[in-house]
Amino acid sequence: MIDFRSDTVTRPSQGMLAAMQKAPLGDDVFGEDPLTNALERETAQRFGLEAGLFCPSGTMANQIAIKNHSSAPGSLICDQRSHVYLYEVGGISFHSGLSPILTQDEAGLMQPSSLLAALPNPHDLHKANAQILVLENTCNKGGGSCYELDQMQALSQLARENNLAVHLDGARLANAIVAKGYSEKEVGACFDSISICLSKGLGAPIGSLLLGSADFIRSARRLRKLFGGGMRQTGQLAAAGQYALDQQWDRLAEDHEKAAELGQLIAQQAYCEELAPIQTNIVLFRLKEELSPQAFLDQLAAKGLLAVPFGGQWIRLVTHLDISAADMQQAKQILRSI
Ligand SMILES: *Cc1c(COP(=O)(O)O)cnc(C)c1O
């Protein structure tokens, strides 16, 4: 099976497994796991932020950040396509007691004018005051779309002028940095907190990092315990994460090339009504109205290719490090044969 369902399906590479085997271990709830401490500290430094927290999942990292930045009642502003709104089980409301205010912009990339229009009047006693802005880069539901640096800077400035905390859901931030060429520190300067998934395109088996100020991470660590995410001998996972950051970051460009290749081919097929612009490792396309997405996916699966339905007539394919050159040849043949 050639698995394009997600970049989460990757397995640890040989080099990663070797790094994991060598890891010294300590109890991370006691703050004694050396590689976890180093991973948290060094990744924060890389982004110009003070401290980091290793979390079991991106969802937990985002939800801890949201809770840590807020105090109910209040509201959170994000795009309608945001993962924190669509795919985190309503955690914004459940964990933090916030109501979401949704903006609607092309490819899930918020415009400063939309943020301005979304801000509730702080003097209106009917309104839940806005406390947090959440941006997503790359935006998954937007087809792996990326912000320009000046867009993030403008949104951040506007949010801070209005006393909002600014959080970045950077599950695939490495893809955006590789695609756009801005630096980690330039991104870090725009945000009060950033979550980064090690288990997506970077290829680690588990884990996300939450980055922020030393004070922010101190209280986030308590919230991680509250959420049941305090972990013990995490050294092997931290070794995998460190290896992912050091060795499997630059190669994301290959995934982007593969996504572009697949997109080019799909756009020419009779079943494709529309292809979303491809900026990173996600291919989104819309099937012709008369076709059933499930029947289409079943046909692909029968030929050895897995993809996922993405709402309505949309289909998503994600490229990643376990897609070989041979897989690409095979995949193209399958996509042409339907
Ligand atoms: C995958 C993802 C997350 C977090 O996912 P987990 O499966 O909980 O690690 C958060 N935001 C975005 C945009 C994602 O794609």
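Residues numbered from 1 in each chain as written. Predicted model: local features only at pLDDT ≥ 70, side-chain atom pairs only at ≥ 80, totals over all residues. Heavy atoms only, no water.

> Talk me through the domain arrangement of the protein chain; I want residue IDs and the actual numbers.
Under the domain assignment, the protein chain is made up of domain 1 (14-248) and domain 2 (251-336). Placing the centre of domain 1 and that of domain 2 at their C-alpha centroids yields a distance of 28 Å. Between domain 1 and domain 2, the residue contacts involve 19 residues of the former and 13 residues of the latter. With both chains or domains summed, domain 1 and domain 2 bury close to 1400 Å², and 56% of this area falls on carbon and sulfur atoms. Summed over the three residues of domain 1 that lose the most area to domain 2, namely Gly-143, Asn-175 and Gln-248, the buried surface amounts to 33% of that side. Here domain 1 and domain 2 share 0 salt bridges between them. (Domains from an automatic or database assignment. Contact = heavy atoms within 4.5 Å. Buried area = accessible area lost by both parts, 1.4 Å probe. Salt bridge = Lys/Arg side-chain N within 4 Å of Asp/Glu carboxyl O.)

> Requested: an account of the packing of aromatic side chains, with residues and values cited.
What the rule picks out here adds up to 3 aromatic pairs. Aromatic side chains Phe-285 and Phe-296 sit 6.1 Å apart centroid to centroid with 75 degrees between the ring planes, which places their arrangement in the edge-to-face category. Of this pair, Phe-285 sits in strand S10 (residues 282-287) while Phe-296 sits in helix H13 (residues 293-303), and the two are 11 residues apart along the sequence. Like Phe-296, Phe-285 is buried. Each member of the aromatic cluster is reached from another via a ring pair, and the members are Tyr-271, Phe-285 and Phe-296. When the ring centre of Trp-249 is taken as origin, the NZ or CZ atom of Arg-46, which lies over that ring, is 3.9 Å away. (Phe/Tyr/Trp six-rings, centres within 6.5 Å; stacked < 30°, edge-to-face > 60°. Helix = DSSP H or I, 4+ residues; strand = E, 2+ residues; numbered from the N terminus. Buried < 20%, exposed > 50% of the residue type's maximum accessible area, 1.4 Å probe, protein only. Lys NZ or Arg CZ within 6 Å of the ring centre and 35° of its normal.)

> Tell me about helix H14 (residues 325-337), and please be specific about residues and values.
Helix length check: H14 (13 residues) gives 19 Å between terminal C-alpha atoms against 18 Å at 1.5 Å per residue, within 8%. Residues of H14 that are buried include every one of Met-328, Ala-331, Lys-332, Ile-334 and Leu-335, and no others. Looking down the long axis of H14, one finds its buried residues gathered within 165 degrees of arc, a one-sided arrangement. Among the exposed residues of H14, those pointing more than 90 degrees away from its buried face are Ala-326, Gln-329 and Arg-336. The secondary structure elements touched by the buried residues of H14 are strand S1 (2-3), helix H12 (252-267), H13, strand S11 (305-306) and strand S13 (314-318). (Expected span 1.5 Å × (residues − 1). Arc of directions from axis to C-beta.)

> Lay out the packing of helix H1 (residues 14-21) against helix H11 (residues 235-247) with the relevant residues and their values.
Their axes nearest at 8 Å, the elements H1 and H11 cross at an angle of 140 degrees. With respect to H11, the axis of H1 lies oblique. When the axes of H1 and H11 are compared, the crossing they make is right-handed. In this structure, H1 uses Gly-15, Met-16, Ala-19 and Met-20 to contact H11, whose residues at the interface are Gln-236, Ala-239, Ala-240, Tyr-243 and Ala-244. Residues of the contact of H1 with H11, tallied by class, amount to 7 nonpolar, 2 polar and no charged. (Axes fitted to C-alpha atoms, helices over the stretch in contact; angles between N-to-C directions. Parallel < 35°, antiparallel > 145°, perpendicular 65-115°, else oblique. Left-handed = near helix turned anticlockwise from the far one by under 90°. Nonpolar A, V, L, I, M, F, W, Y, C, P; charged D, E, K, R; others polar.)

> Could you give an account of a nonpolar patch on the surface, naming the residues involved and the relevant values?
Taken together, the side chains of Tyr-85, Leu-86, Tyr-87 and Leu-102 define a hydrophobic patch exposed on the protein surface, amounting to about 320 Å² of accessible area. Within the secondary structure, Leu-102 is located in strand S4 (residues 98-103). With a relative accessible area of 34%, Leu-102 lands in the partly exposed category. (Patch = residues over 30% accessible without salt bridge, like charges linked within 9 Å, V, L, I, M, F, W, Y side chains within 5 Å. Areas by Shrake-Rupley, 256 points an atom, 1.4 Å probe, with all protein chains shown as cover.)

> Outline the site of the ligand, listing residues and values.
The full set of residues close to the ligand is Ser-57, Gly-58, Thr-59, Asn-62, His-83, Glu-88, Glu-136, Asp-169, Ala-171, Arg-172, Cys-197 and Lys-200. For the ligand, a nitrogen atom lies 3.4 Å from a polar atom in the side chain of His-83. In the environment of the ligand, a nitrogen atom lies 2.7 Å from a nitrogen or oxygen atom belonging to the side chain of Asp-169. Computed on the free molecule, the ligand has an accessible area of 380 Å², of which 84% lies beneath the protein chains in the complex. Looking at which element gives the most residues to the shell around the ligand, the answer is helix H3 (residues 58-69), with 3 residues. (Near = heavy atom within 4 Å. Polar contact = N/O pair within 3.5 Å; in protein donor to acceptor, adjacent residues only side chain to side chain.)

> I'd like to hear about the UniProt feature "modified residue: N6-(pyridoxal phosphate)lysine" (unreviewed entry) in the protein chain, residue by residue, with values.
The UniProt entry lists Lys-200 under the feature "modified residue: N6-(pyridoxal phosphate)lysine" (unreviewed entry), expressed in the numbering used here. Mapping Lys-200 onto the fold places it in the loop between strand S7 (193-197) and strand S8 (208-212). Dropping the residues within four chain positions of it, Lys-200 is found in contact with Asp-7, Thr-8, Thr-10, Ala-171 and Arg-172. (UniProt positions renumbered as here; feature names shortened; annotations may be inferred.)

> Before we move on, can you summarise the sheet that holds S10 with the specific residues and values?
Strand order in the open sheet formed by 4 strands is S9-S10-S13-S12, with antiparallel pairing between adjacent strands. Strands at the two margins of the open sheet, each flanked by one partner only, are strand S9 (272-275) and strand S12 (308-309). In this sheet, S13 lies alongside S12 in antiparallel orientation, the contact comprising 2 bridges. Looking across to S13, one finds that Val-308 is bridged to Arg-316. (Pairing = 2+ DSSP bridges.)

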